[in-house]
Amino acid sequence: VTEVIGAGAVVTNDVSVTFGPLVSGSNYVLQYRASLTTGDWVTITNRIGAGEASATLTHTNGVGDFGYYRVLGVTGPSAQMWGYARVDRLGSGRLSVVGISFLSSNQTLNSLMDPQQFTGDRLVAGSADQIMMWNAYAQAYINLALYENGTNKSWKPVKGFPTSTATNPVLPAGSAVWIRGVAAGDRKVIAAGEVVQARAATNAIVRGLQLIANPFSDMVGLNDLTLFDFATGNKVSAGSADQIMIWEAGSQAYVNLACYDNGTSKSWKPVKGFPTSTATNPVFKPGQGFWYRAVSNDFQWIEPKNY
């Protein structure tokens, strides 16, 4: 008896999942699910094993905004589950915040968001798509530009571009980055990787700003994140409370929320009108990041799996 192992997913408009090894005469089924918290697994296609080391099953035109795949085989579902999220890469210098909600074999930028999806320039960093990562401890950006030499693409630090060495930073689930697209025209890029299966994830929150995301691979409401439990609130002043800043790619503007604490309960309220404004609970979809500003203390954000 052989355990089915998902070896990865290739995502274009089609989704192809490679797995193996295959047991002769056994049936292997590719299944899809639009949400990890609701709904049933839908069978897409199948094949009979003939002892191969690996095989690939494809969901033609399977890409929506986000989704999840597994292979059902001899001993049950695959040990790995793969997902994707389509995220904005806006053109003409506009910005999107992309949350990292998947793992890969090494959790790197290249494996989570294939650089082939981006536009590069071999001479001028300002004429190439850019990734901007926030270092919470240094309270400073690490800026990368896509370098394209005609045969391949890689990410290089803006400082020293194009002579600087290519880099492939680790992007753990729960982090987030900015994407700045330089070419005219908006389009989507695909972030893909292994669904996070840990029972809980721990991320360090420091006093000041951090660019973060739900570390798990499905939609979740802000009030359902345990950030709510750790947040420092205030009954009178939004500036004396922890804040969450959600970037809206369409309007290129922030929605700013502050933690309101009346002594018996907490809620997130818009900074404009705080404390009399109505509490809100925005939903973060896979691939959506946001800023968190801690005003008074460092803490460990421990988030349990919600699926």
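Criteria and cut-off values
Residues numbered from 1 in each chain as written. Predicted model: local features only at pLDDT ≥ 70, side-chain atom pairs only at ≥ 80, totals over all residues. Heavy atoms only, no water. Phe/Tyr/Trp six-rings, centres within 6.5 Å; stacked < 30°, edge-to-face > 60°. Helix = DSSP H or I, 4+ residues; strand = E, 2+ residues; numbered from the N terminus. Buried < 20%, exposed > 50% of the residue type's maximum accessible area, 1.4 Å probe, protein only. Lys NZ or Arg CZ within 6 Å of the ring centre and 35° of its normal. Contact = heavy atoms within 4.5 Å.

Draft legend 1. Main features of the packing of aromatic side chains. Counting across every chain of the model gives 15 aromatic pairs. With a centroid separation of 6.1 Å and 80 degrees between ring planes, the pair formed by Phe 216 and Tyr 307 is classed as edge-to-face. With Phe 216 in the loop between strand S17 (208-213) and strand S18 (220-221) and Tyr 307 in the segment after strand S24 (299-304), the pair connects residues that are 91 residues apart, well separated along the chain. Summarising the aromatic geometry, the rings of Trp 268 and Tyr 292 are spaced 6.4 Å apart at their centres and angled 80 degrees between planes, so their arrangement reads as edge-to-face. Note that Trp 268 is positioned in strand S21 (residues 266-270) and Tyr 292 in strand S23 (residues 289-294), a separation of 24 residues in sequence. No difference in accessibility class separates Trp 268 from Tyr 292, as the two residues are buried. Members of the aromatic cluster, each reached through a chain of ring pairs, are Phe 230, Trp 268, Tyr 292 and Phe 299. In this structure, Lys 156 is placed above the aromatic ring of Tyr 147, and the distance from its NZ or CZ to the ring centre is 3.9 Å. A cation sits over an aromatic face here: Lys 269 above Tyr 260, 3.9 Å from the ring centre.

Draft legend 2. Summary view of the environment of Phe 284. Looking at where Phe 284 falls in the secondary structure, it is placed in strand S22 (residues 283-284). With a relative accessible area of 1%, Phe 284 lands in the buried category. With sequence-adjacent residues up to four places away left out, Phe 284 is seen in contact with Asp 218, Met 219, Val 220, Leu 222, Leu 225, Ile 246 and Phe 290.

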